[in-house]
Structures are given as C-alpha cells and as structure tokens.
Amino acid sequence: MPKEITTLVTFFGATGDLAKRKLFPSVYNLYKKGFLQEHFAIIGTSRQEMTTEEFQTFVSDSIKEFMQEDADADFIRHFDYEKADITVAADYAPLKAKIEKLDQEFALNGNRIFYMSIAPRFFGTVAKYLKSEELLSTNGEFNRLMIEKPFGVSFETAEKLQNELSDAFSEDQVYRIDHYLGKEMVQNIATLRFGNPIFNNAWNKDYIDNIQVTLSETLGVEDRAGYYDTAGALRDMIQNHTMQVVGWLAMDEPTEWTDTAIREAKNKAFNALKIYTPEEVAENFVRGQYGPDAANTQNGYLQEKDVPADSQNNTYVAGKLEFATDRWNGVPFYIRSGKRLAAKTTRIDVVFKQDANIFNNTQPLEKNVLSIIVDPEGKIEYSIIAKDTTPEFKTRPITLEWKVSADDKAQTPEPYERMIHDTMDGNGSNFADWNGVAVAWKFVDAIQSAWDATHQEFPNYVSGSMGPVAADELLARDGHKWVYEG
Ligand SMILES: NC(=O)C1=CN([C@@H]2O[C@H](COP(=O)(O)OP(=O)(O)OC[C@H]3O[C@@H](n4cnc5c(N)ncnc54)[C@H](OP(=O)(O)O)[C@@H]3O)[C@@H](O)[C@H]2O)C=CC1
Ligand SMILES: O=C1O[C@H](COP(=O)(O)O)[C@@H](O)[C@H](O)[C@H]1O
C-alpha cells in the first residue's frame, strides 16, 4: 500500500468540463491506488446552487461516465460542495468555514491544495482572495496552488498574472499545469538521457547533429475558433507544450534528482535560448494555415465555423531554436506543430552526427537516429548502422525498437492523475516553472510581433499533408530533413 497523503483539495470550477472529465476520475484513481485513504477531503465550488448530496451524485456520475465504474460510497463521502462566486470577496467566508470544518472532520493537519479549474481571467482574482480572505492555512505543512492553462497570452499578461500569484504564493507553492509534462514518454526523456551513458555522454554538439520535436494533430479547429483564432499554434502548442518538451531535451544533467535541481538545470538552458529579431524570425520560422484536403472533403481553416474570412491566424508553426551554451552551440532544435496534418503524433527525433564511411562503399553512412514517440503510442526507436548480408560488406540502417506494453499502458496514470498526485506529494519536477514560462513568452512574442507586421498568403498547406513546403526548405537550407514524414 503506498504512503497515505493527507490533504484537502478545493476545486474551483468543480461543475465544469475539465473537473468532470479529468479531475474527479483522477482523484478516484488516486484513492483506488491507496494514495488517498482516510485523511482527505475534496470541496467543489462554483456559482451553481447545489447541495452536497447533489454534488456527490455529480461526482459519482462523472466517474461512471468516464471510467465505466461506480465510485464507492466511502470515497464519495469525502466530497463536499460550497456555492461561491469567485469574484465576490464575501463568498470566500463560507468556503473558509467549510474548509476548516472538513480539516477537523478528516484530520487534515491544515494541508491545502487549491485547484483553479476556471477561466484564466479568474486566476489572479482567486489567488488574491485566497490570501486576503485567509483561506490559506497557517498551521499546516503546505498550501499549494494548481493552475490551469493558458498562463497569460503574452509575456506582459503572464508577468501580470505572475505578480498577482506571487503576492499570495511563493514559486515553490505554484504548480503550473502543462499536460505534456504529465505524459509518460515525455517523462521518459530524462530517464533515457541520464540513465544511459551512451546517450548521456553523447548529448551535446560533438555528437548530435540536430534535434526535431513534432507535435502534429489531425483535428482541425473544431468548434474552438473563438479561442484558437486569437491563439494560433504558436501560443496554443509552441509556447507551452513544445517548449516544455524542449526543456527536458536541452537541459544539463541536474546535480540531483529533485525538483529544485531539475528546474535550475532547465532554466539554465531556457535562459540561453536565442530570442530572434524580426529578420531572424523570417529566416528561422515558418507559419502555415490549412486549406481544404486534396479531395476537397474537409474545410480549409478560413471556411471553418466562426473563423474570420481574412484570418491571418497560424494553424501550423515550424521553426529553429538555438541555445547559446557550450553543450549546444551550432546544434539546431527544429520544432513543429500544427492542426489538420497527416498524423496525430508527438515525437522527438535526435539525429546524431555520423563518421566517415570506412567500408567498401562510398556512400555516406546514414545517421543514427533516436526517436522517442510519445503519442499515439509510447515507443523508442534507435536507428543504427549494421552489416548487410551480402559478401561485399555493405551496410544498412536497422532499427531497434521498444514499445510500451499493454500491461505498462494499463498501469500508466493519465497526465492529470499524475499531476494531482505530484502536487499532493510536493514534487514540482513535472510542472512549468515561471522562469521557463517567461522565456517561452518572450521568444514567442518576438515571433508573433514579426508576423503581425507582415501579411502572409494563406492557405499554404493542404489538410492531410505534413505542413507548408517552406517547413521542409527551412531544414534543407541547413542540409537537414525532417525524420518523420507523416
Ligand atoms: N476542458 C478541458 O478539456 C480543458 C480545460 N483546461 C482549462 O481548465 C480550465 C477550466 O476549463 P473548463 O472546465 O473547460 O471550463 P468550463 O467552462 O466547463 O467550467 C468553468 C467552471 O468555472 C465555474 N465558474 C465560472 N465563473 C465562475 C464564477 N464567477 N464563480 C465561481 N465559479 C465560476 C463554472 O461554474 P458556474 O458557471 O456554475 O459558476 C464551471 O464550474 C480553463 O482554464 C481551461 O483553459 C485545460 C485543458 C483542457
Ligand atoms: O493544449 C492543447 O492540447 C491539445 C493536444 O493535446 P494532446 O494531448 O491530445 O496531444 C490540442 O488539441 C489543443 O488545441 C491544445 O489547446
């Protein structure tokens, strides 16, 4: 049985989509696995009028709907509800009273987590009232804040939010969610790098030719144009998920396996990221917007519901990142992400430098490639050179492959379960740190403002392709090509 975690979690936005689909099923899994036993309580809050019994039924139903099983009664009795409008200071007093009551009832030792599953415009307000209305415990081991995305829409807005949060919470109390950091194979990057001397010792400019990170989706904008047309792939996928994955790839080895040391090592890399001038943006970044598919059966972006007919929004981004560190000088990190591409995949391809061919043929040897495939199924592929069976001692590339087994998959926690667990456990390793978020915004803002100043002809890629031709040309100019072609 795992060690029991003692805590109270208050879910703001408890009647919303995320809470229902992801958060309550995750809490239930933690209970079934024994992390939550007797000493835990969950408070749900929103503006909806609801009794605690009705809320308990709502939680039960959401677990049943998404996990096809009934939550046990012993679990459900730990749930309580308090109606509150989070914009009204006076509404925090009954919430405080409920927190204190449950703290006593379940002997929670003043340990508190506040999960903001609410629209981002409320993040700062809730943090402010948690402090001013004294909902933070003064006698417990911890007060922690879990915060949903997006964390701002630019460096300026993110910094404002950060200032609001830091009036109430210190950096080590803030758990900024990026669900890519909760994915099993993203967490495996560090193990592969630091657990295998062959990779650890070669993880630098002497041995690595280039690194490619692909986050591609087959879905289009669906019914989210209201949000997506102001965000684009750059803010929706690059600023957060892609940059966080890059953080694991670019960092030095941490001095120890703690969240503080991991953040320190990542931040050293983030702080060495080159922020581009408008001219450099034009040289190093490509934006795209999808048109209809080749058979003309799917809408182009401009024909999608609620998309302005003259939208300049990017649904695809590819670019080159450069880190000015001893480890990475001269090594390009190519990134790309887009909607309506040929395949749904998240993958990292590390292309190694190759030696001269000393065998009997004059062709250059293919480069070794380590591929870490995150989605749709976890896989590691290592493409290396071996001998052909012919007597002339010819070479050929072969691929060593490992796949996440069905058993492993069944035991792998969903990202939200893992992130809630880690917050309860006080482990911030797999959360976005303010410094990294700030650098990513500065980097992305520079690209966005260069793009805002220039008009681009759209659409420039066909739905179902792997993006604009310009993204292939970006790599070709450096003598490289995308490993993954869809
Ligand atoms: N849904 C998803 O799949 C994902 C969501 N997220 C993020 O999670 C957060 C929540 O998203 P989601 O669940 O989809 O949003 P919903 O709109 O479904 O839920 C919002 C919740 O906030 C409550 N709320 C709204 N206004 C107030 C108020 N003034 N006072 C108190 N409660 C209020 C709503 O209840 P009521 O109106 O009754 O008060 C509801 O419970 C957002 O930050 C989003 O970006 C991130 C990843 C995925
Ligand atoms: O955060 C987001 O992520 C999803 C993709 O997530 P995944 O886990 O399915 O890869 C993306 O579709 C969405 O636009 C974005 O907001």
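The structure displayed is predicted, hence computed values, not measured ones.

J.: Teacher, can you tell me more about the site of ligand 1 here?
T.: Around ligand 1, a shell composed of 21 residues is seen, among which Thr15, Asp17, Arg21, Ile118 and Lys149 lie nearest. Note that a nitrogen atom of ligand 1 is positioned 2.6 Å from one of the side-chain N or O atoms of aspartate 17. In isolation ligand 1 exposes 880 Å². Once the protein is present, 73% of that is buried. Among the residues forming the shell around ligand 1, the class breakdown is 9 nonpolar, 6 polar and 6 charged.

J.: Help me understand the domain arrangement of the protein chain, please; the structure alone is not making it clear to me.
T.: How large an interface is tends to be reported as the accessible area lost when its parts come together. Along its sequence, the protein chain is carved into domain 1 (7-148) and domain 2 (181-415 + 433-477). Each of domain 1 and domain 2 was reduced to a C-alpha centroid, and the two centroids are 36 Å apart.

J.: Would you take a moment to explain the pairing of strand S11 (residues 333-338) for this structure?
T.: Across a regular strand the side chains alternate sides, sitting on one face of the sheet and then on the other. Among the 6 residues that make up S11, 6 are buried, leaving the element largely enclosed by the rest of the structure. In terms of strand pairing, strand S7 (residues 208-216) meets S11 through 6 bridges, oriented parallel. For isoleucine 211, the partnering residue across the bridge sits in S11 and is phenylalanine 333. For strand S10 (residues 316-321) and S11, the ladder comprises 6 bridges, and the chain directions are antiparallel. The residue bridging valine 317 from the neighbouring strand is serine 337, located in S11.

J.: I'm lost on the sheet that holds strand S5 (residues 143-147) in this one. Help?
T.: Adjacent strands of a sheet form backbone hydrogen bonds with each other and so pair up, either parallel or antiparallel. If you trace the 6 strands from one edge of the open sheet to the other, you get S3-S2-S1-S4-S5-S6, paired in parallel fashion. Looking at which strands have only one partner, the edges of the open sheet turn out to be strand S3 (79-83) and strand S6 (174-176). Averaged over all neighbouring strand pairs, the angle between strand axes comes to 20°, with direction disregarded. As paired elements, strand S4 (residues 112-116) and S5 share 5 bridges and run parallel to each other. Opposite phenylalanine 114, over in S5, you have leucine 145 as the bridge partner. Relative to S5, helix H6 (residues 155-166) is tilted by about 160°, and along the sheet it contacts S4, S5 and S6.

J.: Please explain helix H5 (residues 123-132) as it appears in this structure.
T.: Residues spaced three or four apart along an α-helix face the same direction, because each turn holds 3.6 residues. All buried positions along H5 are accounted for by Phe123, Gly124, Val126, Ala127, Tyr129 and Leu130. The inward-facing, buried residues of H5 contact strand S1 (7-12), helix H4 (92-105), S4, S5 and H6. One or two steps after H5, the chain reaches glutamate 134, where phi turns positive at roughly 60°.

J.: Mind showing me how you'd approach the site of ligand 2 here?
T.: If you check the shell around ligand 2, you find Lys149, His179, Tyr180, Lys183, Glu217, Arg224, Asp236, Met237, His241, Lys339 and Lys344 and nothing else. Between ligand 2 and aspartate 236 there is a distance of 2.6 Å, counted from an oxygen atom to a side-chain nitrogen or oxygen. The side chain of lysine 344 places a nitrogen or oxygen atom 2.6 Å from an oxygen atom of ligand 2. Taken together, the residues that form the shell around ligand 2 break down as 2 nonpolar, 2 polar and 7 charged.

J.: Help me understand the UniProt feature "binding site: substrate" (unreviewed entry) in the protein chain in this model?
T.: Under the UniProt annotation, "binding site: substrate" (unreviewed entry) lies at His179, Lys183, Glu217, Asp236, Lys339 and Lys344. Ignoring anything within four residues of it in the chain, the contact list for lysine 344 reads Tyr180, Ser216, Glu217, Thr218, Asp375 and Pro376.

J.: For this particular structure, what's the right way to read the UniProt feature "active site" (unreviewed entry) in the protein chain?
T.: In the UniProt entry, the feature "active site" (unreviewed entry) is given for His241. Here histidine 241 is to be found in helix H9 (residues 225-250). When neighbours within four sequence positions are excluded, histidine 241 is seen to be in contact with Lys149, Asp178, His179, Tyr180, Leu215 and Asp236.

J.: Explanation requested: the packing of aromatic side chains in the structure shown.
T.: What characterises a pair of aromatic rings is the spacing of the ring centres plus the angle enclosed by the ring planes. Tallying each qualifying case throughout the model produces 33 aromatic pairs. Aromatic pair phenylalanine 55 and phenylalanine 79: ring centres 6.3 Å apart, planes at 50°, arrangement tilted. Remark: phenylalanine 79 occurs in strand S3 and phenylalanine 55 occurs in helix H2 (residues 52-67); sequence separation between them is 24 residues. Judged by its relative accessible area of 0%, phenylalanine 55 is buried. Of the residues examined, phenylalanine 79 reaches a relative accessible area of 1% and is grouped as buried. Relative to tyrosine 382, the ring of phenylalanine 199 has its centre 5.3 Å away and its plane inclined at 75°; by these criteria the two rings are edge-to-face. Of the two residues, phenylalanine 199 is situated in helix H8 (residues 197-200) and tyrosine 382 in strand S14 (residues 379-387); the sequence distance between them amounts to 183 residues. Classification of phenylalanine 199 by relative accessible area gives buried; the value is 8%.

J.: Where do I start with the sheet that holds S10 in this structure?
T.: An order of S8-S10-S11-S7-S12-S13-S14-S15 is seen for the 8 strands of this open sheet, with the pairing classed as mixed. Where the open sheet ends on each side, the last strands, each with one partner, are strand S8 (285-288) and strand S15 (395-403). Here the strands of the sheet are splayed against their neighbours by 15° on average, with no regard to which way each runs. Against the sheet, helix H7 (residues 184-195) makes contact with strand S12 (345-352), strand S13 (369-375), S14 and S15, and its axis sits at roughly 150° relative to S13, the strand it touches most. Where H9 meets the sheet, its contacts fall on S7, S10, S11 and S12, and the angle it forms with S11 comes to roughly 145°.

So, how was this worked out
- Residue indices begin from 1 for each chain and proceed along its sequence in written order.
- Written order determines the labels here, with chains lettered from A and ligands numbered from 1.
- In keeping with the model being predicted, local features are shown solely for residues with a pLDDT of at least 70 and side-chain atom pairs are shown and tallied solely at 80 or more, while totals for entire chains, interfaces and linings include all residues.
- With hydrogens and water stripped out, all remaining heavy atoms of the structure feed into the side-chain values.
- The near set for a molecule or strand comprises every residue that places at least one heavy atom within 4 Å of it.
- Under the rule applied, a polar contact is a pair of N or O atoms within 3.5 Å (in protein, one hydrogen donor and one hydrogen acceptor; residues adjacent in sequence only if both atoms are side-chain atoms).
- Using a 1.4 Å probe, accessible areas were evaluated by the Shrake-Rupley method; residue-level cover was limited to the displayed protein chains.
- For this scheme, ten residues count as nonpolar: Ala, Val, Leu, Ile, Met, Phe, Trp, Tyr, Cys and Pro. Four count as charged, namely Asp, Glu, Lys and Arg, and the remainder, Gly too, count as polar.
- Segmentation of the chain into domains, including their bounds, is taken from an automatic or database domain assignment.
- For the exposure calls, accessible area comes from a 1.4 Å probe over protein chains only, and a residue counts as buried if that area is under 20% of its type's maximum, exposed if over 50%, partly exposed in between.
- Comment: elements are numbered from the N terminus, with helices defined as DSSP H or I runs of at least four residues and strands as E runs of at least two.
- Strand pairing is defined by DSSP finding a minimum of two bridges between the two strands.
- Here, axes are lines fitted to C-alpha atoms. For helices the fit covers the stretch in contact, and angles between N-to-C directions go from 0 to 180 degrees.
- Note on contacts: a residue pair is in contact if any heavy atoms of the two residues lie within 4.5 Å.
- UniProt positions are given in the numbering used here, feature names are shortened, and annotations may be inferred rather than shown by experiment.
- Two rings from Phe, Tyr or Trp (for Trp, the six-membered ring) form a pair when their centres sit within 6.5 Å of each other. Planes less than 30 degrees apart are called stacked, planes more than 60 degrees apart edge-to-face, and all others tilted.

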